[in-house]
Structure formats: structure tokens, C-alpha cells
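Below, each chain spelled out in residue letters.
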2 protein chains.
Amino acid sequence: MDENNKGRQATIPPSMNERPTLKTIAFMTGLGITTVSRALKDAPDIGAETKERVRLVAKQVGYQPNRAGVRLRTGKTNVISLVLSLEEEVMGLTSPMVIGISEILASTPYHLVVTPYSSSKDALVPVRYVLDTGAADGVIISRTEPKDPRVALMMERNFPFVTHGRTDMGLAHPYHDFDNEGFAYEAVKRLVDLGRKRIALLQPPPRLTFHRHMRDGFDRAIRDFGVETIAFNTVDIDNTLVEIRAAFETLMRSPDAPDGIVSGSGAAAIALIAGLETVGKKLNQDIDMVSKVPSDFLSWLRPEVITMNEDIRHAGRELAKAVIGRIAGTPTEELQSLSKAV
Amino acid sequence: MDENNKGRQATIPPSMNERPTLKTIAFMTGLGITTVSRALKDAPDIGAETKERVRLVAKQVGYQPNRAGVRLRTGKTNVISLVLSLEEEVMGLTSPMVIGISEILASTPYHLVVTPYSSSKDALVPVRYVLDTGAADGVIISRTEPKDPRVALMMERNFPFVTHGRTDMGLAHPYHDFDNEGFAYEAVKRLVDLGRKRIALLQPPPRLTFHRHMRDGFDRAIRDFGVETIAFNTVDIDNTLVEIRAAFETLMRSPDAPDGIVSGSGAAAIALIAGLETVGKKLNQDIDMVSKVPSDFLSWLRPEVITMNEDIRHAGRELAKAVIGRIAGTPTEELQSLSKAV
DNA sequence: CAAGGCTACTGTATCGTTACAGATTTCTCA
DNA sequence: TGAGAAATCTGTAACGATACAGTAGCCTTG
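Residues numbered from 1 in each chain as written. Chains lettered and ligands numbered in written order. Predicted model: local features only at pLDDT ≥ 70, side-chain atom pairs only at ≥ 80, totals over all residues. Heavy atoms only, no water.

## Notes on the overall build of chain A
The number of helices and strands found in chain A is 13 helices and 11 strands. Its C-alpha atoms give chain A a radius of gyration of 27 Å, more than 25% over the compact-globule value 20 Å for 342 residues. Overall size of chain A, expressed as C-alpha extent along the three principal axes, is 95 × 40 × 35 Å. Per-residue burial over chain A gives 52% buried out of 342 residues. (Helix = DSSP H or I, 4+ residues; strand = E, 2+ residues; numbered from the N terminus. Rg over C-alpha atoms; globule rule 2.2 N^0.38 Å. Buried < 20%, exposed > 50% of the residue type's maximum accessible area, 1.4 Å probe, protein only.)

Structure (C-alpha cells):
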């Protein structure tokens, strides 16, 4: 078309008004597009002075690589996908989580995409979607199960991911987890320190991995301190608050009501409090309670409850670092971490 | 390269193992890539039977358009960007918001990307980023100000967006807002119904638009019901809980302590409760409180507080519908909505 | 001083899609 | 019957980036 169109890549001067591309820089520096591309990624076969010049111009014009271009050519999406359940959303745990992840991603080229699934039986759907469409470079999942099919799938495909919570499949993968074993042990200890001897646990659903952890810590403490376990298995922290309250009322009215209770979730603790107050019992008198909480609002309203804080924002940060590490090839052992209550 | 390479687009049979593209379908149907592309978007110049055939094959092989390809060619990203503050995050409001948005986007080709900014003075940064890089097709922002520079910028560039909260710039744009005027009016009314006469308001920071709305509703009710306003302007709902408690303690100890208080935020209400209980006052006796809350946990622990629920998840849904509508060209008037407390 | 090697740079093809400008065949109607 | 319209279909180029396979010039080295 154009007479100038021979022997040179960047012939048509790109308009100043539009978003600068490699072509823009190539035109401005008089270099080839390839050279500019390689200069910007500090390739060894480009002269030092040229690199400097290219970097300068790129900065001047505010060059930012076109994500679609990179993605199409290389397959790299620069996206981290956070897989979320729309249903089992409890007391806004995802909020600080998203914040924490964002904090870390902000200083990287990664974007955070939220990929939801609606019912727990569809948990595999978003994972499959990401795998099949290459929608992200890495995935973050929560609510892990001992034998987690999502983990199995991503391991099999060698796809970078990190879990919030551990698994038990004999497969090493990046994770971040809260030390629920330690939490439960310490919680019982605190109750024992207050002279409590008949202790119940409101635990996570058996399906999830941390059920075992919390249970183990609890049971170990019960043995170590020689106190008694009061069974409370009719509900778990995934039940509705109304159900939890009802169940706890029943328990508190029964002859073997506990004098200490450990709550695996802050939201559930609210229901427990409501339940015991309904039957006329009082915290610090008839019963003491220790609860894992994601924020400190509970201690504002019921300072009688002993709270142990799970820092979800911190978890978000750790998870983000771990996926990125996994993508970058950091050995798995360095991408596994546990948090204690703070 | 290949002898077959003449006169036909899709010559090399795409491997069955890889992700299907238009080329795959073209090969399988014996049609041209262009035809397949146009058939799938139901273009008028493609035969009915051909369309049917293409659709069938596409479904069979599980074809999903490559987002990078579309984005590169058309500029359409199929991304909605939720702009979030990392700092002013109050009591997990973003969580149900994200869920609500996701619910709507799930049945569309849109993905949700979270784009954070760290300090309120940088609120323009993510918006500029999206505008400059074309990172999204639409933006959702919160914490609007009467003269909001983000809104001005996006309006000027004619970029699709929706605000959570209104503005006051004489520019019509899509928004969803909670009816804070109505909330405050109703809140005062409830206090008056309980016989309260000296009423304070813990309001949003004056910078934000809904400060005016809440203030107006409050003031109107004060006039209508002929009761007295007790000034409480030393803090607002963006202060820390500790600051709010301290300020409220001071107020409650002063000679003109209020006998009714309206809280513009559920988190702040916790601090208010703590403050008044510290000075030995009792809810329902010395003072009554109405609070706007994002969830119902407050009524579990302090049923004495009258709560009015702001359904953030619903707001998320409305916002998502509004941006999509804006992108699709729906008239602005149809994309503005207000929610009452539920 | 020729052969080979090194340094610095560049063109082409390609990723998957779509806009656009044809191309081919069949149909219509004067 | 033949010209033009209508109905279908198709190739090429382009979006922005990068992998790859060069090329040109200069420097060694025997």
C-alpha cells in the first residue's frame, strides 16, 4: 500500500493520541519492533545503550504492554483466580481475604479475578473452567477437603494453585492454613485454666480438612488436662445461626450441659451466646467460651468471651505470595505456611 | 510450507487434544474460519442450516472463544472492574458486594476483576489505569463524593461505569444507592416513637455524598417531630472504633447527653454501645439506638438496638446489572436505583 | 587475510479473532 | 436469455506481542 512499506517494520507513525505500543517506541527510537521488545525485557543480545534509550522512551510515553497481545502470543494471562463459594459465605471472611491478596498483587503485574461457584457440589466447575480456558496463571481455593478433587485435578494437570487449608492425599502442594490444632488446644487450655472441666466443641463440618485438625487439638488437650468432652455434634459451624442456637439451647438445658465451649467460628459464637442466654445462663458464670474470630467485634460486645484471632487478611497475603511463588517455580516446601492465632 | 496451503484457510487439522478454536470447527465442518465466526454470532449472511451445523459442532467440541483473541481484535475485554479501597475497608462490606456482583456476572461472559487503591488520595489511580489500558469494559466505584473526580473523568471519556452512591455534579450517570435520607428519617421516627427527644447522629464523613443525604433525612425528621438535635460531630463513621467510643463516652458524660442515637454504620454502633456501657448507661433505659447494619449479627448480641438492614449483596446485584446495562446502551434513567432498608 | 565467531539488531510468522472486501452460485424478472 | 440482485460463503489483513531464524558488521586468530 504505502511506498515506504519495504524493509522496515514500523513504517506508519502511530498516532500520538492512542495508547503507545511497541510500534510507537520503535518508531520513536528508529529501532525495530523486535529490538524494542527485547530491550524492554533486558535480553542479553541488546546493547546497553540501546536498552537505556528504549527504557527512557518507553517511560516517557507511558508504555504498558497490551495484555491481550501478550496473552494471545504467550498464553500468560497475568491473572490469579480466587475461587469463591457464593453460598457458604460466612460473616464476610472473603472481604479481608480479597484485600490481603490485592495488597500483594498490587506490586506485580497480576490481576485478581473472582471466579464463583454456586453450590458446593459445583466446586469443581470454576477450577475446570480455568484449566480448560487458561483463564488464569494460578488459582486460590478455600474450604479444602482431605481428598480434594480440585487439588487432584490441578496437580494432575500441573497447574499452579494454592489452598487455604491443607489436604491429606500424600501430595505436596502450596498451602496456607490456620493452626486449628493449636487453636483448639490452646482454647481448651484457657478454659481449664478458668477451672472448667466439661467442655464442648462447635466444630467445622467433617467434610473439611480442618475438622480433623481442630478435633485433634481439642482431643489432645482434653487428654492432656484430664477434663471431659461434652459431645456437641448435632450441628457444625456451617449450619445456620438459628440452627446452632437451637441445638445449643437443647444442649444447655440437658443434664450434662458443658461448662466450657470452644467455637470454631465467630459467627457461630454469636448463635451460641444467644442460645445460652436464652436458657438463662451467663458467660463467665455458668460457662466460659473461647471463639476463633476473624475480627474483634465480638470482644467489643461480649468481652466475656475469650477470642483468638485468625488474621484473614494475612492469610490472603500468604496465599497470594504462594501462588506467585509456585508460578515462578519456588520449591513447594517453601510455599507452605501455618498461622497461629494472634 | 505445506503443499495443501493454497486456497483454504484451515488447512492444518488442529490437534484434538488442544483447546478448540474457530479453526478446529472450520476444519471439522469444512467451512471457512470466517464463516464459522459469523455463524456463531448469528450473522444474517449465513445460511440457517450452516448455522445449525456450526453450532452443533461447536457445542460438541466445547468451543469457547479465546478471550485474548477477541480482546486483541475488538478491544472488548469482557471484564468488569470493581474498584476497592484497601484502607477504608469497614466491617467486611465488600464481601457481600463481591458476591452480589458475581451472582449477576455468572450468567454473562463478564469476569470480575478487583482493582484496589491504597490511600484515599489515590482513588483516581485505578480508574485512570482502567481508562488508559482498557483493562475493563466497565467500572464499579463506591464511596462517591458530591463532586467526584472519578465520575468526572469517566463521564468525560464516555466510559461505562456505575457508582455505589450518588453524586451532585449535574451529570446523570448510572448509580445504585441506599436511601440514607429515608433511613435517617425513619430512624429518628422510631426513636421519637419510643419517647426520645434529644437525638444525636453518628454520620458519614462530610466528604462523601451520603453524608448530606443522611443529614437531610435526620434534620427533616427532627423538624417534623419537633425534637432536639444533639451535636455529635467530633467523629464520623470512618474514625476508628476506639476513637468513636472515646468521643461517645465524652458525649454521654456531658450534661447534654442524648437519649437517642442514630448510627450510620453497624461497626460504629459497636463502638457506641461499648462507649455508653463504659459510662454506665443502659440501652432501652438511658438511651435508645438505631443503627444501619449490613448483616444481622448486631441484633443477635444486642437485640435492644433497633437495626435497619442495608442489603449489600442486593446492591452488588444492582450495580452489576447497571454497568452491564450501561455497556449495552440502556438509557441512564433506567440504570438508577435506590434501596430502602429491609 | 580469509574463516569463523561474536555483537547487535531485524523480519517473518504466529497466537485467535473479526472487519472488510470480495467471490461464487442461484434466483429474479424484464 | 441475460443482467443484476440476492444469498452464501471466503481470503486477507490486522489487533500487539514474541519465538525464531536470520543478517550485517566487526573482531579474532591461525
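## Re the interface of chain B and chain A
Opposite the 43 residues of chain B that make contact, chain A presents 43 residues. Contact between chain B and chain A buries roughly 3700 Å² in total, counting both sides, with carbon and sulfur atoms accounting for 70%. The three residues of chain B that bury the most area against chain A are B:Leu86, B:Trp300 and B:Leu301, which together make up 20% of that side's buried surface. Inspection of the chain B/chain A interface yields 0 salt bridges. The interface formed by chain B and chain A holds 11 residue pairs in polar contact (both at pLDDT 80 or more) in total. Where the side of chain B that touches chain A is concerned, the elements lending two or more residues are helix H4 (67-74), strand S1 (79-85), helix H5 (94-105), strand S2 (111-117), helix H6 (124-133), helix H10 (241-253), helix H11 (266-278) and helix H12 (297-301) of chain B. Sorting elements by how many residues they give to the side of chain B that touches chain A places H5(B) first, with 6 residues. Partitioning the side of chain B that touches chain A into residue classes produces 24 nonpolar, 10 polar and 9 charged. By the bridge criterion, 3 bridges tie strand S2 (residues 111-117) of chain A to S2(B) in an arrangement that is antiparallel. (Contact = heavy atoms within 4.5 Å. Buried area = accessible area lost by both parts, 1.4 Å probe. Salt bridge = Lys/Arg side-chain N within 4 Å of Asp/Glu carboxyl O. Polar contact = N/O pair within 3.5 Å; in protein donor to acceptor, adjacent residues only side chain to side chain. Nonpolar A, V, L, I, M, F, W, Y, C, P; charged D, E, K, R; others polar. Pairing = 2+ DSSP bridges.)

## Remarks on the packing of helix H1 (residues 22-29) of chain A against helix H3 (residues 48-61) of chain A
All names here are of chain A. Two numbers describe how H1 lies on H3: the axes approach to 10 Å, and their chain directions differ by 120°. By the angle between their directions, the pair H1 and H3 is classed as oblique. Viewed along their axes, H1 and H3 form a crossing whose handedness is right-handed. Contact with H1, carried on its side by Ile-25, Met-28 and Thr-29, involves Arg-53, Val-54, Val-57, Ala-58 and Val-61 of H3 and no other residues of that element. Looking at the contact of H1 with H3 residue by residue, the class counts come to 6 nonpolar, 1 polar and 1 charged. (Axes fitted to C-alpha atoms, helices over the stretch in contact; angles between N-to-C directions. Parallel < 35°, antiparallel > 145°, perpendicular 65-115°, else oblique. Left-handed = near helix turned anticlockwise from the far one by under 90°.)

## Here's the deal with the side chain of A:Glu318
All names here are of chain A. Its location among the elements puts Glu-318 in helix H13 (residues 312-328). Within the structure, the side chain of Glu-318 is placed 3.2 Å from the side chain of Lys-321, a separation counted as a polar contact. When neighbours within four sequence positions are excluded, Glu-318 is seen to be in contact with His-176 and Ser-337.

## Section: the sheet that holds strand S10 (residues 306-309) of chain B
Residues and elements named next belong to chain B. The strand order across the open sheet built from 5 strands is S7-S6-S8-S9-S10, with neighbouring strands paired in parallel fashion. Edge strands, defined here as strands with exactly one partner in the open sheet, are strand S7 (228-230) and S10. With strand direction ignored, the average angle separating the axes of adjacent strands in the sheet is 20°. In this sheet, strand S9 (residues 288-293) lies alongside strand S8 (residues 260-263) in parallel orientation, the contact comprising 4 bridges.

## Notes on the relation of the copies chain B and chain A
Superposing chain B onto chain A requires a rotation of 180° together with a translation of 0.0 Å along the rotation axis, leaving an RMSD of 0.0 Å. Taken together, these values place the two copies in the relation of a two-fold axis. (Least-squares fit on C-alpha atoms with pLDDT ≥ 70 in both.)

## Let's talk about the domain arrangement of chain A
When the parts of a complex come together, some accessible area is lost, and that lost area is often taken as the interface size. All names here are of chain A. Domain annotation for chain A reports domain 1 (1-64), domain 2 (73-173 + 313-339) and domain 3 (180-310). Residue-level contacts link 11 residues of domain 2 with 9 residues of domain 3. The interface formed by domain 2 and domain 3 contains 2 salt bridges. Linking Arg-207 and Glu-145 is a salt bridge whose minimum nitrogen-to-oxygen distance equals 3.5 Å. When the residues that make up the side of domain 2 that touches domain 3 are grouped by side-chain class, the tally is 4 nonpolar, 3 polar and 4 charged. (Domains from an automatic or database assignment.)

## Points about the pairing of strand S3 (residues 138-141) of chain B
Regular strands show a simple pattern: their side chains alternate between the two faces of the sheet. Residues and elements named next belong to chain B. Here S3 shows two buried faces, one formed by Gly-138 and Ile-140 and the other by Val-139 and Ile-141. Of the strand pairs in this sheet, S1 and S3 are connected by 3 bridges, and their pairing is parallel. Residue Ser-81 lies in a different strand from S3, and its bridge partner there is Val-139. In this fold, S3 hands off to helix H7 (residues 149-156), which returns the chain to strand S4 (residues 161-164); that crossover is right-handed. (Right-handed = clockwise from strand over helix to strand, strands pointing away.)

## Re helix H3 (residues 48-61) of chain B
All names here are of chain B. Here H3 spans 20 Å end to end across 14 residues, near enough to the 20 Å set by a 1.5 Å rise per residue. Buried residues of H3: Thr-50, Lys-51, Val-54, Val-57 and Ala-58, and no others. Considered in projection along H3, the buried side chains sweep an arc of 135° and stay on one side of the axis. Opposite the packed face of H3, turned more than 90 degrees from it, sit the exposed residues Ala-48, Glu-49, Leu-56, Lys-59 and Gln-60. In the core, the buried residues of H3 are packed alongside helix H1 (22-29) and helix H2 (33-40). Backbone geometry just after H3 places Gly-62 at a positive phi near 70°. (Expected span 1.5 Å × (residues − 1). Arc of directions from axis to C-beta.)

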